[in-house]
Amino acid sequence: MDSSITLVFIITAFSLGAVIVWKKDTIPPQLRKFMALTTLVFILFAFFLIVYSFITLGSAS
């Protein structure tokens, strides 16, 4: 797995989460729920990628 692509995704997912939290008052209520759930899925997947990269850190590829 390419670590630079993983790092970009992790940074992007957490940045999106920060933007959603900071701008939650300006997002329409119907869109807010969808964006929050989508962002939550992205952040959970980013955590999974972090843990997976730590687990496979010492393996030869």
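Refer to the preceding data block for the structure.
Residues numbered from 1 in each chain as written. Predicted model: local features only at pLDDT ≥ 70, side-chain atom pairs only at ≥ 80, totals over all residues. Heavy atoms only, no water.

A. The arrangement of the environment of Leu-40 in detail. Here Leu-40 is to be found in helix H2 (residues 29-55). The exposure class assigned to Leu-40 is partly exposed, which follows from its relative accessible area of 46%. (Helix = DSSP H or I, 4+ residues; strand = E, 2+ residues; numbered from the N terminus. Buried < 20%, exposed > 50% of the residue type's maximum accessible area, 1.4 Å probe, protein only.)

B. The arrangement of a nonpolar patch on the surface in detail. Taken together, the side chains of Phe-14, Leu-37, Leu-40, Leu-44 and Phe-47 define a hydrophobic patch exposed on the protein surface, amounting to about 480 Å² of accessible area. Looking at which element gives the most residues to the nonpolar patch, the answer is H2, with four residues. (Patch = residues over 30% accessible without salt bridge, like charges linked within 9 Å, V, L, I, M, F, W, Y side chains within 5 Å. Areas by Shrake-Rupley, 256 points an atom, 1.4 Å probe, with all protein chains shown as cover. Salt bridge = Lys/Arg side-chain N within 4 Å of Asp/Glu carboxyl O.)

C. Seen up close, the nonpolar core. Listed in full, the five residues of the largest apolar core are Ile-10, Ala-13, Ile-43, Ala-46 and Leu-49. Only helix H1 (3-22) and H2 provide two or more residues apiece to this core. Sequence-distant contacts of Ile-43, that is, excluding residues within four places in its chain, are made with Ala-13, Phe-14 and Gly-17. (Core = buried A, V, L, I, M, F, W, Y, C linked by side-chain atoms within 4.5 Å. Contact = heavy atoms within 4.5 Å.)

Coordinates in, geometry out; function isn't part of it.
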